[in-house]
Amino acid sequence: MSAPLLSVRDLTVDYASVRRQGRAVDGVSFDIAPGEAVALVGESGCGKSTTALALLRLLPDSTRIGGSIVFDGQNINGLDEKALRQLRGRRIGMVFQEPMTSLNPVQRIGHQIAEVLRVHTNLGSCARRARVLELLHQVAIPDPTRNIRAFPHELSGGQRQRVVIAMAIAMNPDLLIADEPTTALDSAIQAQILELLDRLRRELGMALLLISHDLPLVEQWSDRVIVVHHGQVMEELPSQQLFAQSQHAYTRGLINASVRLHDDLHYTNGRLVEVAANVDPSGDHSFTLTRPPLPASAPALTPSPCDTSLLSVSNISVQYGERRVVDDLSLRLGRGETLGLVGESGCGKSTLSRTIVGLLRPSAGSIRLNGQDILNSDAAARRALRRRVQMVFQDPYASLNPRHRIGELLGNILAFHGERDPIQRQGEVFKVLDQVGLPRSAAYRWPHEFSGGQRQRIGIARALILQPELILLDEPVSALDVSVQAQILNLLADLKATHGLSYIFISHDLAIVRYFSDRVAVMHAGRIVEENDARTLLLAPTHAQTRRLIEAAH
Amino acid sequence: MSHNPDINDELARRALGPGAAVANAAAGNAEPSSSVRRVLLNPLVVVGLTILSAIGALALLAPLLTPGDPLSIAGPARLWPGEIAAFPLGTDALGRNVLAGVLHGARASIFVGLSATLLGVVIGILIGAVAGYFGGWVDDLIVRFIEIFQTIPSFVLLVVLVAFSGPSLLTVILGIALVSWDVIARLTRSEFRRLSAQDFVSAARVVGYDHSHIIRHEILPNAAPALIVTGSIMVASALLMEAALSFMGLGDPNLVSWGSMIGSGRELLRTHWYLTAIPGGFIVVSVLALNLLGDGLNDVLNPRHGAAGQIS
Amino acid sequence: MISRRHFSQLMLSASALPFIAPIAVRAQQDEPRRGGTLVYALNQAPPSLISLVSPGVERGISAKVVEGLLDYDHDLNPRPQLATEWDISEDGLTYRFKLREGVTFHDGTPFTSRDVEASIRIVSQNHSRGRASFANLESIETPSDHEVVLRLSKPAPYLLRALPADEVPIVPAHLFGEGDPTGNPALTAPVGTGPFRFIEYVRGSHVLLERNEDYWQAGKPYLDSVIIRFITDGAARTAAFETGEVHIGGGASVPLSDLGRLIDENPHLALETRGQVYDAGVNRIEFNLENEILANRNVRLAIAHLIDKDYIRDTIYYGYGAVIDGPFAPEVPYYTPGLPHYEVDVDLANRLLDEAGYPRDANGVRFQIRIDPRPLADTDRPTAEYLRARLAEVGIEATLRTQDFAAYVNRVFTERDFDIIVNGITNSFDPTIGTQRIYWSENLRRGVPFSNATAYNNPEVDRLLLAAAVEIDPKTRFQQFADFQRQVVNDLPDIHTVSQFRYTLYNTRVQNHTVGATGINGNFADIWLAD
């Protein structure tokens, strides 16, 4: 192995601001050789992004950084601000997760890329323009001569990320740091962006530090994987060995908790593995892996959608102004069935779910629950029907009112629906907290005191407390870490079994949909283009859109 | 990894502008119980509150410290402060005790400032909440209505209102409320628009809450910090407006307020400057304290400044 | 009676009537010097520049351009102006004027008796005070171009004093022919026979006048031009006097609170107290006698015993005034000293209120009352505040109401929705014109400003006023007014407090500015500027 381009030794980062305190990175060491693609993988809060920011010294002044970071012979920790500016952008490029916020919304993209060149080079304006066009071409922006004058909002999310990449590689850096570069994007586009990064890496001979939470992704797109947990490196191994030969319990846990498309696992025949991290008094982490058993009482469900139809949506259309987002769509859901709803972002699946729960009103069509028309019944009947359809939202942070304790948050719902007796309410709240696996003391705490997974349990408790028949799950785990995803999916599967619930499960992640659904509907441009039982659909897709989704997921 | 769905990022960006990317659903980080503690730890708040409490205490104790009618002729006219021990701050053009004036005047000024603000805030919240929550043509109509108020110079309108209806405590309070509600209405509207789009409001609708419950229990508590901050600044401006009205002789003539003291002392500015300087000093200090308080509350409560970006 | 130190120095030579005292003349130079521009400040910009249809601020400007039939010395003895000779018949019903010959208006037309006829007609029909002055006018005759005869139905013993330029300006008949004179453009671009021609009027800023080279009084005026500036802010006027930017001012030039300091600190500024007869007035506290409580004389008497007029003069008027007990200012020729004076006596006031049947309740309050001070004067509001404080001492709870001038006039004289007002009144040149309107029972007329607001009705007072209005014997008339004053003071429909000291503030460079009874409102023909 040649001399490393980047050598990190015993890196520690301590936050000491009002908002965040404590050690985020705890003795991380790794090397990156020139042209190598290395992945830092781990769950939220593990310190991987902090590590990336530390490499560029982009952390707040109140942060204390220890250890050494040697880039091409220079210790970054000892550099002054001027030398750092020389390094950033010129020799080390960076791509962040959210392309929109990396771009200035009021400046044309060509100008923004040219600005990088203006700061770092002596190129004249004509030469700069030529280079910008070249870069846009390189990152495969269609029609560069036209799009050079585009504003960020005129581009798609993927195109915006391409522009950000163009800015990062403008100076032919030796190292490109990409921090969750595709998390905010659709899976189909994810693959394209990663392909682009890989191609650029080879063409430009630069090293790539890829930061991600996504194991299959890093396996495919990096040479070497460094698994991080609690600010410490758990394991470092070549990517090809990640799934097959990883030794570390944590890594194994993550692998088993995540669902892959070709796994032949279904919620009816097995639960997902849950990984639990324990910190012993000496500060070391130990991990236990458990696969919960199927509930003994689980009714053998083979729902028959036709004769016991719970929900029937007929010919509904939903419009935002002139734009028709859901277009003459019909679907049925049997009692006890889980319908997976997949599609690219913007296909109308969220709009459909919001229409079913009554947040939006369709411009045409009907929605029946147990044969009763929800839209055209009187207010009292509509309210009674509505409480039987509940929803779990994607973002567990935004969907809980920060101003209510959990007890109020849940109890108020009962009070509003006529439960006058506070003791009775409290009993109900405790019961539902038990059901979602939260301690009863949670009732006295505020939303922000909980982790993302716990919050999602609260969100599920909120949906459960009115004892609904149908729950719409709108990307309920896509904002959660892999290990937490497994817990939530297991919980949802158990609740379904014990309460006889029906789900409409919306996700962009086909593997999860395949695991969790009885039947899958593929949505495209406001319509359902294909519908079948999960296994058949994925094995023998008939519609082009379905094939595209499956391809992207591989 | 991020826990922000697109919609919140979108909103956060609109609110914050570029560069402030990672701030998460900010209000979500505010812990209601400890926010009181954080408020009380802010130095600006502490200084502001200390000054205001001191003034408030003087106002409350006014009848004990200077018993009797502050408008009574207490002694010789135009005594300088300290000239006679009985009148530590001197006497005014008619021989009224300046100390009694500023103490009792604090009551009037604070009362007018608080009640006019309260009224303005209530009106503003009602109108702004309806506009921001329901949107559509209701919103358009209300926005036009607010714009009418914004384009009229508010103090001119206030002078006309008070002059037309005859100066009294009630008309002054109503007048100030009527020219200041639009600020709160605008803020309430934008906060309600922002918050209405949040998932927890959708969640509230899904569990069946009606509009009034959602407005009162879900959105308002989250809009409250911004409203409180603005409200504290509004008290200061109400206080100044009352002073300006009284200065122009449009205050309640049966009530001594700081503004009326300045108004009647202004003629003697060249010879007896203390008659304007003393109540003027109280106004300056109070307004300063209210602004400090507002700034402090803003630092602590306003999500746009308070939230930490979480870095993983 | 005058407490202020420097003011009493000015008053050294005065005894009974301090305000008509001659001023100490400074820097008297022997020969008038021609040339120069006089800057003259007024507090307000008037709607018109001549006092043909109303007696407002325009009186300060009018006479410089447009002259009158007569002028007056400081004792109100008439002097010729456009009339050279005059004669009153024995019965007081016929007034004959001989007019000055060879006089032309600024536009070149000769001045004749037809101009006098037209002017008097306009004044007698439109001018609020002129209507009273010429109430008995039966006909105007013009036997020749330079002769005018006024015939009256009843004697008008005041008429000869009613003819100064600022009361009855003589305008050219051809400019004021037919039609409503109130909208006539010549009101804001006046043409007259006076020593100065009108050049320009920039609204809100100034009026520019220049010397009339063809003035009938050879050699006058001495000034090249006069700039009349309108400065509405008192502090700004003070500053303008201090810097010498303004030479002379009309009306209350500077706030009373600034006056003493100004004279003390600036040797180039001085006060003239003469030439104020036409503007002398009294400040009063008026009771609404239709109010059940205030109809009781004992209540009014109690209030009279609470009011310390010396305090009002010294504190509110800064000493610039005279305590008075009756309806006439000391300058008025019929002023009678020695009227009944109600001493301050709080115990007596309490006793009177008890006797009147208004005992204190549990809170110590006898009854509630409202006070409306006139909004224009800086002195009326403090007087009302003082009154409220005094009333509070005997258990009368008073509420002040403030409003703008139009609202005040409407509330008091049209709605009659008031209890006590703090008011002022100009005595004018004769009680029949300036004072009768306040006390005459038939002048209780809704909607007429500054009429009989109290609803005072005493047949004896009515009789005295009506008799005096047509009495041509000065002695008898003096006695009638003396009896009238005594009766009013006894009845207490109002309480007279202070007659405010009026003055002209001037730069000592300005010579000969006050040469007669009209003072600063005169024609400025004699003014010259010293070095």
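Just so it is clear, the structure is predicted and the values come from calculations on it, not from any experiment. (Residues numbered from 1 in each chain as written. Chains lettered and ligands numbered in written order. Predicted model: local features only at pLDDT ≥ 70, side-chain atom pairs only at ≥ 80, totals over all residues. Heavy atoms only, no water.)

Undergrad: Explain the overall build of chain C to me, please; I cannot follow it from the model alone.
TA: Scanning chain C from N- to C-terminus turns up 15 helices and 22 strands. Since a compact globule built from 531 residues should have a radius of gyration of about 24 Å, the 24 Å found for chain C is in line with a globular shape. If one aligns the C-alpha atoms of chain C with their principal axes, the spans along those axes are about 80 × 55 × 40 Å. Looking at the 531 residues of chain C, the share that counts as buried comes to 62%. Expressed as a percentage of contacts within chain C between residues at least 6 apart in sequence, the contacts between residues at least 24 apart total 71%. With the model as given, the accessible surface of chain C reaches about 19,700 Å², and the carbon-plus-sulfur share is 48%. (Helix = DSSP H or I, 4+ residues; strand = E, 2+ residues; numbered from the N terminus. Rg over C-alpha atoms; globule rule 2.2 N^0.38 Å. Buried < 20%, exposed > 50% of the residue type's maximum accessible area, 1.4 Å probe, protein only. Contact = heavy atoms within 4.5 Å. Areas by Shrake-Rupley, 256 points an atom, 1.4 Å probe, with all protein chains shown as cover.)

Undergrad: Before we go on, may I ask you to explain the overall build of chain A in this structure?
TA: Assigned secondary structure in chain A consists of 20 helices and 22 strands. Here the C-alpha radius of gyration of chain A, 25 Å, is about what a compact globule of 554 residues would show, namely 24 Å. A burial count over chain A gives 56% of its 554 residues as buried. Pairs at least 24 residues apart make up 66% of the contacts formed inside chain A by residues separated by at least 6 positions. Element-wise, carbon and sulfur atoms account for 48% of the exposed surface of chain A, whose accessible area totals about 22,300 Å².

Undergrad: How do you make sense of the interface of chain C and chain B when you look at a structure like this?
TA: Note: interface size is frequently given as the accessible area lost on complex formation between the parts. Listed per partner, the contact involves 21 residues of chain C and 18 residues of chain B. Between chain C and chain B, roughly 1,700 Å² of surface is buried when both sides are summed, and carbon and sulfur atoms account for 46% of that area. The largest per-residue losses of area from chain C upon contact with chain B belong to C:Tyr318, C:Arg388 and C:Thr402, which jointly make up 25% of the total buried on that side. For the pair chain C and chain B, the number of links is 2 salt bridges. Across the pair B:Arg270 and C:Glu242 runs a salt bridge, and its minimum N-O distance is 2.9 Å. At the boundary of chain C and chain B, one finds 9 residue pairs in polar contact (both at pLDDT 80 or more). If you list the elements that add at least two residues to the side of chain C that touches chain B, you get helix H6 (256-265), helix H8 (309-316), helix H10 (380-393) and strand E16 (396-400) of chain C. Looking at the side of chain C that touches chain B, the element that brings in the most residues is H10(C), giving 6 residues. Among the residues making up the side of chain C that touches chain B, the classes are represented as 8 nonpolar, 4 polar and 9 charged. (Buried area = accessible area lost by both parts, 1.4 Å probe. Salt bridge = Lys/Arg side-chain N within 4 Å of Asp/Glu carboxyl O. Polar contact = N/O pair within 3.5 Å; in protein donor to acceptor, adjacent residues only side chain to side chain. Nonpolar A, V, L, I, M, F, W, Y, C, P; charged D, E, K, R; others polar.)

Undergrad: I would appreciate a short explanation of the pattern of salt bridges in the present structure.
TA: Residue and element names in this part refer to chain C. On inspection of all chains with the given rule, the structure shows 70 salt bridges over all chains. Between Arg121 and Glu117 there is a salt bridge whose closest N-O contact spans 3.0 Å. Remark: Glu117 and Arg121 occur in helix H3 (residues 113-126); sequence separation between them is 4 residues, near one turn of the helix. Look at Arg121 and you get partly exposed, because its relative accessible area is 35%. In this structure, Arg274 and Glu272 form a salt bridge, with 3.1 Å as the shortest nitrogen-oxygen distance. Taken individually, Arg274 and Glu272 each receive the classification buried, so the pair is uniform in this respect. Several salt bridges share partner residues, and in doing so they unite Arg370, Asp372, Arg401, Arg411, Asp417 and Asp419 into one network.

Undergrad: Quick question: what am I supposed to make of the domain arrangement of chain C here?
TA: Residue and element names in this part refer to chain C. For chain C, the assigned domains are domain 1 (4-275 + 503-529) and domain 2 (281-499). Counting from both sides, the interface comprises 25 residues of domain 1 and, opposite them, 24 residues of domain 2. Together domain 1 and domain 2 conceal approximately 1,900 Å² of surface at their shared face, both sides included; 72% is due to carbon and sulfur atoms. For the pair domain 1 and domain 2, the number of links is 1 salt bridge. In this structure, the salt-bridge partner of Arg161 is Asp430, at a minimum N-O distance of 2.6 Å. Of all the secondary structure elements, the ones that give two or more residues to the side of domain 1 that touches domain 2 are helix H1 (5-10), helix H4 (128-133) and H6. Looking at the side of domain 1 that touches domain 2, the element that brings in the most residues is H6, giving 4 residues. Considered class by class, the residues forming the side of domain 1 that touches domain 2 number 13 nonpolar, 5 polar and 7 charged. (Domains from an automatic or database assignment.)

Undergrad: What is the right way to read the pairing of strand E4 (residues 83-88) of chain C from this model?
TA: Remark: a regular strand shows side chains that alternate across the two faces of the sheet. Residues and elements named next belong to chain C. Pairing between E4 and strand E5 (residues 94-99): 5 bridges, direction antiparallel. Looking across to E5, one finds that Asp87 is bridged to Arg96. Between E4 and E5, which pair antiparallel in sequence order, lie 5 residues; one of them, Gly92, sits at a positive phi of approximately 75°. (Pairing = 2+ DSSP bridges.)

Undergrad: Can you help me understand the environment of A:Gly231 in this one?
TA: Residue and element names in this part refer to chain A. Position of Gly231 among the secondary structure elements: in the loop between strand E9 (224-229) and strand E10 (232-238). The class of Gly231 is buried, set by a relative accessible area of 1%. For the pair Gly231 and Lys48, spaced 183 residues apart in the sequence, the C-alpha separation amounts to 7.4 Å. Setting aside chain neighbours within four positions, we find Gly231 in contact with Ala24, Val25, Asp26, Gly27, Val28 and Cys46.

Undergrad: Can you help me understand a nonpolar patch on the surface in this one?
TA: Residue and element names in this part refer to chain B. On the surface, Leu58, Leu60, Leu61, Leu64 and Leu65 cluster together into a nonpolar patch covering about 500 Å² of accessible area. Its location among the elements puts Leu64 in helix H3 (residues 43-65). The exposure class assigned to Leu64 is exposed, which follows from its relative accessible area of 67%. (Patch = residues over 30% accessible without salt bridge, like charges linked within 9 Å, V, L, I, M, F, W, Y side chains within 5 Å.)

Undergrad: What's the story with the sheet that holds strand E20 (residues 502-506) of chain A in this structure? I'm lost.
TA: Two strands in a sheet stick together by hydrogen bonds in their backbones, pointing the same way (parallel) or opposite ways (antiparallel). Residue and element names in this part refer to chain A. Across the sheet, 6 strands lie side by side as E18-E19-E20-E15-E21-E22; this open sheet has mixed pairing. Looking at which strands have only one partner, the edges of the open sheet turn out to be strand E18 (389-392) and strand E22 (527-533). Adjacent strand axes in the sheet meet at a mean angle of 20°, parallel and antiparallel pairs treated alike. Strand direction decides the pairing type here: strand E21 (residues 519-524) and E22, joined by 6 bridges, are antiparallel. Within E22, the position partnered with Met523 by the bridge is Ile528. Set on the sheet, helix H16 (residues 452-464) makes contact with E18 and strand E19 (470-474); between it and E18 the angle comes to about 175°. (Axes fitted to C-alpha atoms, helices over the stretch in contact; angles between N-to-C directions.)

Undergrad: Just to check I follow, could you spell out the nonpolar core for this structure?
TA: Side chains that are nonpolar tend, in soluble globular proteins, to be buried together. Formed by 111 residues in total, the largest nonpolar core has its most connected members in C:Ile303 and C:Leu505. Examining the composition of this core, we find that 6 residues originate from one element, helix H11 (residues 274-301) of chain B, more than from any other. Here this core gathers at least three residues from each of two domains, domain 1 (4-275 + 503-529) and domain 2 (281-499) of chain C. (Core = buried A, V, L, I, M, F, W, Y, C linked by side-chain atoms within 4.5 Å.)

Undergrad: What's the story with the environment of C:Ala162 in this structure? I'm lost.
TA: All names here are of chain C. Relative to the helices and strands, Ala162 is located in the loop between strand E7 (147-152) and strand E8 (196-202). You can call Ala162 buried: its relative accessible area is 2%. Leaving out residues up to four positions away in the same chain, Ala162 has contacts with Tyr72, Ser133, Glu167, Val168 and Phe429.

Undergrad: Any chance you could explain the arrangement of the chains here in plain terms?
TA: Counting contacts across all 2 pairs of chains that touch, the top pair turns out to be chains A and B. Kept free of each other, chain A and chain C leave a smallest C-alpha distance of 48 Å between them.

Undergrad: Teacher, can you tell me more about helix H5 (residues 136-151) of chain B here?
TA: Every α-helical turn comprises 3.6 residues, leaving residues that sit three or four positions apart pointing alike. Residue and element names in this part refer to chain B. The terminal C-alpha atoms of H5 lie 23 Å apart, and with 16 residues this matches the ideal 22 Å at 1.5 Å per residue to within 8%. Buried residues of H5: Asp139, Ile142, Val143, Ile146 and Phe149, and no others. Buried residues of H5, seen end-on, are gathered within an arc of 115° and therefore sit on one face of the element. Opposite its buried face, H5 presents the exposed residues Trp137, Leu141 and Thr151, each directed more than 90 degrees away. (Expected span 1.5 Å × (residues − 1). Arc of directions from axis to C-beta.)

Undergrad: How should I be thinking about the side chain of A:Asn490 in this particular structure?
TA: Within the element layout of this structure, A:Asn490 appears in helix H17 (residues 482-499). Sequence-distant contacts of A:Asn490, that is, excluding residues within four places in its chain, are made with A:Arg271, A:Leu272, A:Glu274, A:Pro292 and A:Tyr515.

Undergrad: Help me out: how do you make sense of the packing of H5(B) against helix H7 (residues 169-196) of chain B in this one?
TA: Helix-helix packing is described using two parameters, namely the angle between the two axes and the distance between the axes. Residues and elements named next belong to chain B. As a packed pair, H5 and H7 sit with axes 9 Å apart at the nearest point and diverge in direction by 145°. Seen along the crossing, H5 lies across H7 with a hand that is left-handed. Along the contact surface, H5 presents Asp139, Val143, Phe145, Ile146, Phe149 and Gln150, while H7 presents Leu178, Trp181, Asp182, Ala185, Arg186, Arg189 and Arg193. Its residues assigned to classes, the contact of H5 with H7 comprises 7 nonpolar, 1 polar and 5 charged. (Left-handed = near helix turned anticlockwise from the far one by under 90°.)

Undergrad: Just to check I follow, could you spell out the packing of aromatic side chains for this structure?
TA: For any pair of aromatic rings, geometry is given as the distance between the ring centres together with the angle between the planes. All told, the structure shown has 32 aromatic pairs over all chains when counted by the stated rule. Ring geometry for C:Tyr72 against C:Tyr278: centres 6.0 Å apart, planes inclined by 50°, an arrangement best described as tilted. In this pair, C:Tyr72 sits in strand E2 (residues 70-72) while C:Tyr278 sits in the loop between strand E12 (269-272) and strand E13 (281-287), placing the two residues 206 residues apart along the sequence. A residue is classified by how much of its surface remains accessible, and C:Tyr278, at 2% relative accessible area, is buried. Taken together, the aromatic side chains of C:Phe328, C:Tyr334, C:Tyr439, C:Tyr456, C:Phe478, C:Phe481 and C:Phe484 make up a single cluster linked through ring pairs. Lying across the ring of A:Phe450, A:Arg445 places its NZ or CZ 4.6 Å from the centre. In this structure, C:Arg100 is placed above the aromatic ring of C:Trp216, and the distance from its NZ or CZ to the ring centre is 3.8 Å. (Phe/Tyr/Trp six-rings, centres within 6.5 Å; stacked < 30°, edge-to-face > 60°. Lys NZ or Arg CZ within 6 Å of the ring centre and 35° of its normal.)

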